[in-house]
Amino acid sequence: MKRLILSLPSVLGRGASKLKLRNNANTTTSLQGGREFSDEAVDHSTTPFPEFDSFKTHDELYQFSLNSPEFFWGTLARSRLKWFRDFGQVKDCDLIRGHIRWFLDGQLNVAVNCVDRHAEKNPDSIALIWEKDEPGTQEYVSYRELLQLVCRMSNVLESHGVKRGDRVAIYLPQSPVAVAAMLACARIGAIHNVVFAGFSAEALAGRIIDAQAETVITADQGVRGGKIIELKHVVDEAVQTCPCVKRVFVYQRTGADVPMGKLDINLDKELASQPDTHTPAVLDSEDYLFMLYTSGSTGKPKGIAHTQAGYLLYAGLTMKHVFDYQDKELFGCVADIGWITGHSYVVYGPLSNGAATLLFESTPVYPNPGRYWETVERLKLNHLYLAPTALRMLLKSGNSWVTRYDRSSLRKLGCVGEPLNREAWEWFYEVIGEKRCDICDTWWQTETGGIAITPRPSAPGAEIRPAMPMRPFFGIEPVLMEPQMGTELKGGNVKGALCIKRPWPGMARTIYGDHQRFIDTYYKTYHGLYFTGDGAYRTQDGYYQITGRMDDVLNVSGHRLGTAEIEDVIDDLEETAESAVVGFPHEIKGWGIYAFVVLKDEVNTPENEMKEQLKAMVKQRISGFAQPDVIMFAPGLPKTRSGKIMRRILRKIAANQPEELGDVSTLFDPGVVDALAEKHNQITKKS
Ligand code: 7RM
């Protein structure tokens, strides 16, 4: 058997058009523990919050969520999740100690919530749409099939001794098997640690060792953008330095003949030999569900840990209400499962809502820059959730790659990861969404578990402003703090450190193995508040705009400036594709401003002319002091594999310290660094 998915007969050759209609009948399910709970006894299609239908507006409900968090979250936890045992206490939180507990004494199983309950009601409805690397080769997996796969996977893991509380490293390409691996961990109570299948052997090993994972799940190879990625080879190299690893499951994605060593187990064979039913573990609300490594300001990545019930409730609620997800719609989040966005909006959010979710294996430019829009047309996606960096790259390639495909199925568009500048926002709204689709600029972090600030939810028809995430989600109370004084900034038209005042169920519980670092990083700077590390601006009417990481704030001649603000202006120049602004030490002003500007293809305007124009625009839009001292028309920007600009590198180049660049191995294209350093020498010598 080459590929497990192909061996499940009903998976093949079924098109989205054959999606079975869901039956909306209210049912009551009898659960373990003797009590009866209503399982999805509410019809979410008529009113977004049937649990709270006495509230007339979202504003009223938002206020209620802050004033009565116990009632608000407790009600939703009971109505939206399926429990084995009801919880006794809604929350027990003390942010000063980083002590966060939700739904105490409750028992549930995340996989049952994401799969079994939908498989029971709507077995033939689509759970996964696997958009494989080659266009037109998509495969569909129904809830029944997903349940069988998750059960087989759970049996495989247990038969090899994987137990509740064990850490399992997952290094897999975007595939149904990867989703099943995550859900099987959830089902048996193991803690998954997904590592993006683009990280190096060294990075993978670091994460395996920090988590003390005994089990690794990988594939022979990955396929992305037409290129083969030697996953098994990377794992072999990593595992050599990981004495904790006892077994490596190998899934055959391509069927390549990879060498199998002592620790290696053929996953496809194991899956085929196991039964497709499995009794789920009964887990506590606060058992760990997963950890996910994220980079901090220091070199050592942090293993951000999330737990069962609170995370699942928050991922599910935000997925449904931020994107106004309706029954039977096809939800397309193109993030990789190796990032938090993939965890919350490819896997847990959509599946807990019984949605059909996209698994996008390819890249935005394979085989050409029309890939997203061709996929939207072919699969008839209703939602598309992507990264600003991809948008800016595609914007550069011109509109014809978009307009040649039918995008009329799209209803809501979303983005996450960085500030969405105005030009990209407008392109998203006008060209991609034909002014028909709301744009949800969603601000959140690995640590927040799910979307925390976003235009939706809002009263139907509420205003959406370009280029700002605007409104806090229910239960989220943002505050802005003055960094020097540590005091709260009240009212509108203020800028400060973005903190969140009260706990919410989806927030991270700890940094795995280092709770003190958790407290120091997030709860010390502003005593007892969750500090996001980001800066934000609150408008006169109370809406939030992210100004960038606090470490990107520049103090120029005593004026505080967000680098993102300047980038926004620069991006408005017709010729700009994208830009990054950093500070460099300046004798007189404290900090000087250095702008790296990547131009669109085929720009013929003379560079000097564009420089003058950019300075004039910045002067006009912000102020004279915000004008860049140096503007480099750069060949590209140094980015991580998830598309984030590595500003640390740009700062070193701008500061004339290329010898202090440090580790650039996590970059998507390390070659760009030398090109930037060379160009820097040219322009600074000239002037
Ligand atoms: C989901 C994710 C988190 C950091 C965060 C911000 C930045 C994310 C936005 C944004 C401006 C946004 N998790 N960020 N969303 N900045 N506008 N809508 O990206 O942990 O990998 O990154 O990303 O700086 O702190 S993450």
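One can find the structure itself at the top, above this paragraph.
Residues numbered from 1 in each chain as written. Predicted model: local features only at pLDDT ≥ 70, side-chain atom pairs only at ≥ 80, totals over all residues. Heavy atoms only, no water.

Visitor: For the pattern of salt bridges, give the residues involved together with the corresponding values.
Guide: Counted under the stated rule, the structure contains 36 salt bridges. Where Asp-264 meets Lys-232, a salt bridge forms, and the shortest distance between an N and an O atom there is 2.7 Å. A residue pair is termed long-range when its members are at least 10 positions apart, and Asp-264 in strand E14 (residues 264-266) and Lys-232 in helix H8 (residues 231-239) qualify at 32 residues. Judged by relative accessible area, Lys-232 falls into the buried class, the value being 1%. Note that Asp-541 is salt-bridged to Arg-465, the shortest N-O span being 2.5 Å. (Salt bridge = Lys/Arg side-chain N within 4 Å of Asp/Glu carboxyl O. Helix = DSSP H or I, 4+ residues; strand = E, 2+ residues; numbered from the N terminus. Buried < 20%, exposed > 50% of the residue type's maximum accessible area, 1.4 Å probe, protein only.)

Visitor: Can you tell me about the packing of aromatic side chains, naming the residues and giving the values?
Guide: A full pass over the atoms with the stated rule returns 39 aromatic pairs. Plain terms: the ring middles of Tyr-345 and Trp-444 are 5.2 Å apart, the flat faces sit at 90° to each other, and that makes the pair edge-to-face. Pair noted here: Tyr-345 is in helix H11 (residues 340-352) and Trp-444 is in the loop between strand E22 (438-441) and strand E23 (478-481), with a separation of 99 residues, a long-range link. In this pair, the class of Tyr-345 matches that of Trp-444, namely buried. Residue placement shows Arg-404 over the ring face of Trp-401; its charged tip is 4.1 Å from the ring centre. (Phe/Tyr/Trp six-rings, centres within 6.5 Å; stacked < 30°, edge-to-face > 60°. Lys NZ or Arg CZ within 6 Å of the ring centre and 35° of its normal.)

Visitor: Break down the pairing of strand E6 (residues 126-131) for me, citing the residues and quoting the values.
Guide: When a strand is regular, its side chains alternate between the sheet's two faces. Counting buried positions along E6 yields six of six residues, so the element is predominantly enclosed. As paired strands, E6 and strand E7 (residues 139-142) are joined by four bridges and run antiparallel to one another. Within E7, the position partnered with Ile-129 by the bridge is Tyr-140. Two elements, E6 and strand E19 (residues 356-360), share four bridges in a ladder whose sense is parallel. What sits directly across from Trp-130, in E19, is Leu-359. (Pairing = 2+ DSSP bridges.)

Visitor: So what's going on with the side chain of Thr-539? Residues and values would help.
Guide: By the secondary structure assignment, Thr-539 is in the loop between strand E27 (530-538) and strand E28 (544-549). Those residues in contact with Thr-539 that lie beyond four places of it in its chain are Arg-465, Met-468, Gly-492 and Asn-493. (Contact = heavy atoms within 4.5 Å.)

Visitor: Lay out the sheet that holds strand E21 (residues 412-415) in plain terms, naming residues and giving numbers.
Guide: The strands making up a sheet associate through backbone hydrogen bonding, with each pair oriented either parallel or antiparallel. Taken together, seven strands build an open sheet; the order of strands is E7-E6-E19-E18-E20-E21-E22 and the sheet is mixed. Of all the strands in the sheet, the pair left with one neighbour each is E7 and E22. Between one strand axis and the next, the sheet turns by 20° as a mean value, whatever way the strands run. Here helix H12 (residues 371-379) sits on the sheet in contact with E6, E7, strand E18 (330-333), E19 and strand E20 (383-386), set at roughly 140° to E6. (Axes fitted to C-alpha atoms, helices over the stretch in contact; angles between N-to-C directions.)

Visitor: Please set out the packing of helix H3 (residues 69-80) against helix H10 (residues 308-322) residue by residue, giving values where relevant.
Guide: A pair of packed helices is characterised by two quantities: the angle between their axes and the separation of those axes. Where H3 contacts H10, the axes come no closer than 11 Å and their chain directions differ by 85°. The angle between H3 and H10 falls in the class roughly perpendicular. Here Trp-73, Leu-76, Ala-77 and Arg-80 of H3 come into contact with H10, specifically with Leu-313, Tyr-314, Leu-317, Lys-320 and His-321. Grouping the constituent residues of the contact of H3 with H10 by class yields six nonpolar, one polar and two charged. (Parallel < 35°, antiparallel > 145°, perpendicular 65-115°, else oblique. Nonpolar A, V, L, I, M, F, W, Y, C, P; charged D, E, K, R; others polar.)

Visitor: Quick rundown of the site of the ligand? Include the residues and the values.
Guide: If you check the shell around the ligand, you find 16 residues, and the closest are Asp-441, Thr-442, Gln-445, Thr-446 and Asp-534. Here Gly-417 contributes a backbone N or O atom positioned 3.1 Å from an oxygen atom of the ligand. Here Asp-441 contributes a side-chain N or O atom positioned 2.7 Å from a nitrogen atom of the ligand. Coverage of the ligand by the protein amounts to 89% of the 540 Å² it exposes when considered alone. Listing elements by their share of the shell around the ligand, those giving two or more residues are H11 and E28. When grouped by side-chain class, the residues that make up the shell around the ligand number six nonpolar, five polar and five charged. (Near = heavy atom within 4 Å. Polar contact = N/O pair within 3.5 Å; in protein donor to acceptor, adjacent residues only side chain to side chain. Areas by Shrake-Rupley, 256 points an atom, 1.4 Å probe, with all protein chains shown as cover.)

Structural measurements only, silent on function.
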